[in-house]
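Letter by letter, the chains look like this.
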Amino acid sequence: MALTGHFAQFSDLFSYSVVAFSAIFFVVDPIAVVPVFITITEGDSEEKRRHMARRACIITAAILLSFLVGGGLIFRLFSLTLAAFKIAGGILLLLTALDMLRSVQARTRTSGKEVIEAQAKPDVAIVPLAMPLLAGPGSIATVMVLTAQAHKTWQLILLALSIVITAAASYLMLRAASLVNRFLGNSGRAILERVMGLLLVAIAVQFMIGGVREAFPEIFVRHP
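Only a predicted model underlies this, so the values are computations on that prediction, with no experimental measurement involved.

Bringing the pattern of salt bridges into the picture now. Summed over all chains, the structure comprises four salt bridges. Residue K48 is joined to D44 by a salt bridge in which the shortest nitrogen-to-oxygen separation is 3.8 Å. Assessed through its relative accessible area of 29%, K48 is described here as partly exposed.

As structure tokens, this is what we get:
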């Protein structure tokens, strides 16, 4: 019985870790930011690009961690229910995922006009790199939904670790932006974007199903 209990705990920990990390990493989607980063830092020195990538990823982690810590307060302040936020977050993730499946720039993250304006800025670490490209509305909504679903301390710790690991991975990809861009190429990025988009669609649908189930429990009651 003790072994079964330990196995169940490990299974819960592993499944939550996979869901938390995959949801955050896929919606932050640093791979899609690589070509934008190359465009808006064109002509900058290697030192400046490294500095902006580091600052952007630190700010991204800080933004997402702040919503992890303050998510509950926001729910109470605006009298939001978890069910409503699951549905809203799921719809937002679905829109992002559909753009990934079509290999187009997600309209929920940034626009072409913002990218052009960013090229004229001396420092793009905060806007548009950290926000909205990395820590966009979809990322924030995902963190808040996962935070609201976390009922144990270890789940919050795993969620925080997922954010930190995603930010670190984003920094490594931006640092090696030119190499990643050459290695994947246009076709490689398109294939990877579609695979990640498909997984994100499944996560978005699961969010919405959970929200509808909680908002309208009577629909899912089995009648004899």
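Phi at D29 is positive, roughly 50°, even though this residue is not glycine. Note on placement: D29 falls in the loop between helix 1 (2–28) and helix 2 (30–40).

This next bit is on the nonpolar core. Counting 54 residues, the largest nonpolar core has L129 and L146 as its most contacted members. Where this core is concerned, the elements lending two or more residues are helix 1, helix 2, helix 3 (46–77), helix 4 (82–101), helix 6 (125–134), helix 7 (137–149), helix 8 (153–175) and helix 9 (177–215). If one sorts the elements of this core by residue count, helix 3 sits on top with nine residues. In this structure, L129 is in contact with V33, F37, I40, M52, A56, V124 and L134, ignoring residues within four places of it in sequence.

One can describe the packing of helix 2 onto helix 6 by two numbers: an axis separation of 11 Å at closest approach and a directional angle of 155°. Between helix 2 and helix 6, the angle is such that the two are roughly antiparallel. The hand of the helix 2/helix 6 crossing is right-handed. Contact residues: helix 2 offers P30, V33, V36, F37 and I40, while helix 6 offers P128, L129, L133 and L134.

Summed over all chains, the structure comprises three aromatic pairs. A centroid spacing of 5.6 Å and a plane angle of 25° characterise the contact between F21 and F25, whose relative ring orientation is stacked. Of the two residues, F21 and F25 are both situated in helix 1; the distance of four residues between them amounts to about one turn of the helix. Taking relative accessible area as the criterion, F21 reaches 30% and is therefore assigned partly exposed.

In this model, helix 7 (13 residues) spans 18 Å end to end at C-alpha, consistent with the 18 Å of a helix rising 1.5 Å per residue. Of all 13 residues in helix 7, ten are buried; the element is thus mostly enclosed.

This part is about the packing of helix 3 against helix 7. For the pair helix 3 and helix 7, interaxial distance at closest approach is 9 Å and the crossing angle is 60°. Of the possible angle classes, the one that applies to helix 3 and helix 7 is oblique. Every pair of crossing elements has a handedness; the one defined by helix 3 and helix 7 is right-handed. Residues I63, L64, F67, L68, G71, I74 and F75 of helix 3 touch helix 7, and the partners they reach there are S139, I140, V143, M144, T147 and A148.

So, on to the environment of R102. Residue position: R102 is located in the loop between helix 4 and helix 5 (112–119). A C-alpha to C-alpha distance of 8.5 Å links R102 and E193, two positions 91 residues apart in sequence.

Bringing helix 6 into the picture now. Taking burial as the measure, the ten residues of helix 6 include seven buried ones, the bulk of the element. Taken together, the buried positions of helix 6 are A125, P128, L129, A130, P132, L133 and L134.

Another aspect to go through is the confidence of the model for the protein chain. Looking at the protein chain as a whole, its pLDDT mean stands at 81, while 85% of the residues score no less than 70. Mean pLDDT across the elements of the protein chain bottoms out in helix 5 (53) and peaks in helix 8 (94).

Criteria and cut-off values
Residues numbered from 1 in each chain as written. Predicted model: local features only at pLDDT ≥ 70, side-chain atom pairs only at ≥ 80, totals over all residues. Heavy atoms only, no water. Salt bridge = Lys/Arg side-chain N within 4 Å of Asp/Glu carboxyl O. Buried < 20%, exposed > 50% of the residue type's maximum accessible area, 1.4 Å probe, protein only. Helix = DSSP H or I, 4+ residues; strand = E, 2+ residues; numbered from the N terminus. Core = buried A, V, L, I, M, F, W, Y, C linked by side-chain atoms within 4.5 Å. Contact = heavy atoms within 4.5 Å. Axes fitted to C-alpha atoms, helices over the stretch in contact; angles between N-to-C directions. Parallel < 35°, antiparallel > 145°, perpendicular 65-115°, else oblique. Left-handed = near helix turned anticlockwise from the far one by under 90°. Phe/Tyr/Trp six-rings, centres within 6.5 Å; stacked < 30°, edge-to-face > 60°. Expected span 1.5 Å × (residues − 1). pLDDT = per-residue confidence, 0-100.

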